[in-house]
Amino acid sequence: EDKVVQSPLSLVVHEGDTVTLNCSYEVTNFRSLLWYKQEKKAPTFLFMLTSSGIEKKSGRLSSILDKKELFSILNITATQTGDSAVYLCAVVHGSSNTGKLIFGQGTTLQVKP
Amino acid sequence: SQTIHQWPATLVQPVGSPLSLECTVEGTSNPNLYWYRQAAGRGLQLLFYSVGIGQISSEVPQNLSASRPQDRQFILSSKKLLLSDSGFYLCAWKTRPGLAGVNEQFFGPGTRLTVL
């Protein structure tokens, strides 16, 4: 059965800390891995990773994919209270026409001042 | 630019009542469309997806159905709601395959449904 597992499920840190969120997957016909940030409502897109070993970076956030070991990490440096959210990992799988996503359970990050 | 709308934003319905949630996308043509449900404290579960008008694929057996009467309109329905249908319903779209580097899905604001 296809699955995506995120860890930890929840995390509490203080402003300025660095956090690493993990996502492992077992899916057939892997196409790409996506990271989303979800605050109150709709998830907002962060990164799409397709190739192993190539880091994607946006400000204090970065992510990398390991297709051999079937996992990805999302790093957030110098965390701020505005980083508090649920971070979702999703894998695109199946035929190229459908673009179906399997989501992990999410990691709830709370950044305290 | 593309935008996606969902309504209503919140809904409280009694068990056994019907349901209709609507999603529309602007600024793109021939999108793939998706319905997800997010139960409290859990990840998103894909319910339906559509690659074109009238084409619906169901991912999980359930009490819900979906329809796509127009290219950029996606509707989620139920004839009789169950308590277990409560959750946060999200509609998403993505461009058709073939466009390099465009594989991510974009989500609407969601509908929070409470069945009592």
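Residues numbered from 1 in each chain as written. Chains lettered and ligands numbered in written order. Predicted model: local features only at pLDDT ≥ 70, side-chain atom pairs only at ≥ 80, totals over all residues. Heavy atoms only, no water.

Here we look at the pairing of strand β5 (residues 44-52) of chain B
Residue and element names in this part refer to chain B.
- With respect to burial, β5 is a largely interior element, eight of its nine residues being buried.
- Pairing between strand β4 (residues 32-38) and β5: six bridges, direction antiparallel. Within the sheet, the bridge partner assigned to Y34 lies in β5 and is Y49.
- If you look at the hairpin formed by β4 and β5, you'll find five residues sitting between the two strands, and G41 has a positive phi there, around 70°.
- Pairing of β5 with strand β6 (residues 55-58), which is carried by three bridges, proceeds in the antiparallel orientation. Paired with G52 across the bridge in β6 is Q55.
- The antiparallel hairpin formed by β5 and β6 contains two residues in its connecting segment, where G54 sits at a positive phi of about 75°. (Buried < 20%, exposed > 50% of the residue type's maximum accessible area, 1.4 Å probe, protein only. Helix = DSSP H or I, 4+ residues; strand = E, 2+ residues; numbered from the N terminus. Pairing = 2+ DSSP bridges.)

Structural notes on the interface of chain A and chain B
- With 21 residues of chain A in contact, the opposing surface of chain B contributes 23 residues.
- At the boundary of chain A with chain B, total buried surface from both sides reaches about 1,700 Å², with 58% on carbon and sulfur atoms.
- Of all residues in chain A, the largest losses of buried area upon contact with chain B belong to N97(A), K100(A) and F103(A), amounting jointly to 25% of the total for that side.
- Across the contact surface, chain A and chain B share one salt bridge.
- Here E59(B) and K100(A) are joined by a salt bridge, their closest N and O atoms 3.4 Å apart.
- Applying the counting rule to chain A against chain B returns three residue pairs in polar contact (both at pLDDT 80 or more).
- Looking at the side of chain A that touches chain B, the elements with two or more residues in it are β4 (30-38), β5 (44-49), β9 (85-93) and β10 (100-103) of chain A.
- Among the elements that line the side of chain A that touches chain B, the one with the most residues is β4(A), at four residues.
- Of the residues that constitute the side of chain A that touches chain B, the class distribution is 10 nonpolar, eight polar and three charged. (Contact = heavy atoms within 4.5 Å. Buried area = accessible area lost by both parts, 1.4 Å probe. Salt bridge = Lys/Arg side-chain N within 4 Å of Asp/Glu carboxyl O. Polar contact = N/O pair within 3.5 Å; in protein donor to acceptor, adjacent residues only side chain to side chain. Nonpolar A, V, L, I, M, F, W, Y, C, P; charged D, E, K, R; others polar.)

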